[in-house]
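Per-entry structural report
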Amino acid sequence: MSGIARAAQKGVLIKGGRALEDLGEITTIAFDKTGTLTEGKPKLTNVIPLNNFDKKELVQIVLEVENLSNHPLAKAIAKDIRSQYKIETQNKATNVNAIQGKGISAVYGDDKAFIGNIKLMESVGIKVDELVVNNMQNLLKNGETVMIVAFKNEVIGLISVMDIPRKTAASTLKQLKEIGIKHMIMLTGDHQNVGDAIAKQIGLTEAKGNLLPEDKVSEIRRLIQRDKKIAMVGDGVNDAPAMALSTVSIAMGAASSDVALETADVALMSDQIERLPFVIRLSRESKRIIKQNIWISLGVVALLVPVTIFGLANIGLAVAFHEGSTIIVVLNSLRLLRY
């Protein structure tokens, strides 16, 4: 109770003693990227028309389609298009459909429009030629997230966004390494190149890209088989299945989806990932005090049993000694409130 209360004072909600104890044994942590290690506020960086398609019309299609989506990435793209290109929606898009792990589709005018990754294009039978792939690779090398735009069953352009790492991410990961976290892995649906670029900037040990929600679950399962106990830090609906499988699941508080918060064992309510090293150290200190208390309790019992059997103490003295040890255990535990 003292450990959980101390965590709450620092803006970290721990849902029970088991999670508090398990955190201290963790040596592997898996992280989601967007909104966890990065700011979660991507900026539109490029709009590139292809196959001689008119850029103005490309921008309009992207705005109309993305404006209908509730996805944070879509909202960011729509907002930046309005500010950068000084245009507004004309309500030409309808029947928007989010395709998990792939992108978005909608009807624009009388034809279908798609915005997403290569998997989305392949699933609807749209050919992605070498020119498109080369353009994507050039953007991906810079750590940008790239999306293909298709209309009337052909690719008409590319758009790219970039999400910058949190200012505290690198220092947090450094602290985690110092306190004995050996493996820090990023799991992201973004391209592998994007994952590698972010990982290099902030000091992750590994990055896994191009992951659908079910792929993240498979990665968590693999890590559990290798390291026995792992923690997963995430904030979105896509992270919830992987978080549920992990030993300790950690949600990024106010920024998290309801599902992620419900699934999580620990919630960083202030969205401050820099609280993570504190919580792990608190867990280890809590376990140390638990062990101290057990030895104090067992020591008193080990002393009182023979003393009582041989009649060396009266009942009053034995009760006072026993209850006194309980007070010592309580006071020892309350030290955590100052940790």
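Residues numbered from 1 in each chain as written. Predicted model: local features only at pLDDT ≥ 70, side-chain atom pairs only at ≥ 80, totals over all residues. Heavy atoms only, no water.

Some words on the layout of surface pockets
- Computed from the structure, the second largest pocket encloses a volume of approximately 170 Å³.
- Mapped onto the lining of the second largest pocket, the elements with two or more residues apiece are α1 (2-9), α2 (17-23) and α13 (276-309).
- With four residues, α13 is the largest single contributor of residues to the lining of the second largest pocket.
- The residue makeup of the lining of the second largest pocket, split by class, is six nonpolar, six polar and one charged. (1 Å grid on protein atoms, 1.4 Å probe; cavity = no way out; pocket = protein on both sides within 12 Å on 5 of 7 lines; lining within 4 Å. Points joined across faces, edges and corners; volume = space filled by probe spheres on them. Helix = DSSP H or I, 4+ residues; strand = E, 2+ residues; numbered from the N terminus. Nonpolar A, V, L, I, M, F, W, Y, C, P; charged D, E, K, R; others polar.)

A word on the sheet that holds strand β2 (residues 28-32)
- If you trace the seven strands from one edge of the open sheet to the other, you get β1-β13-β12-β11-β2-β9-β10, paired in mixed fashion. Taken across any chain shown, the strands that pair with only one partner, and hence form the sheet edges, are β1 (12-14) and β10 (206-208). Direction aside, the axes of adjacent strands within the sheet are offset by 20° on average.
- For β2 and strand β9 (residues 183-187), the ladder comprises five bridges, and the chain directions are parallel. Considered in β9, the bridge of Phe 31 is made with Met 186.
- Packed on one face of the sheet, helix α10 (residues 213-227) meets β2, β9, β10 and β11 (231-234) and runs near 165° to β9. (Pairing = 2+ DSSP bridges. Axes fitted to C-alpha atoms, helices over the stretch in contact; angles between N-to-C directions. Contact = heavy atoms within 4.5 Å.)

Considering the sheet that holds strand β5 (residues 103-108)
- Pairing in this open sheet of six strands is antiparallel, and the strands run β3-β8-β7-β6-β5-β4 from one edge to the other. Edge positions in the sheet fall to β3 (43-49) and β4 (93-99), since each has one partner strand and no second. Neighbour-to-neighbour, the strand axes of the sheet open up by a mean angle of 20°, direction not taken into account.
- Both β3 and strand β8 (residues 154-162) contribute to a ladder of six bridges, which runs antiparallel. Bridged to Ile 48 within β8 is Leu 158.

Digging into unusual backbone geometry
- We note that Asn 52 has phi near 60°; this positive angle belongs to a residue other than glycine.
- Mapped onto the fold, Asn 52 is located in the loop between β3 and α4 (55-66).
- For Asn 52, a relative accessible area of 83% translates into the label exposed.
- Even without being glycine, Asn 153 reaches a positive phi, approximately 65°.
- Looking at where Asn 153 falls in the secondary structure, it is placed in the loop between β7 (145-151) and β8.
- The exposed category is assigned to Asn 153, whose relative accessible area is 59%. (Buried < 20%, exposed > 50% of the residue type's maximum accessible area, 1.4 Å probe, protein only.)

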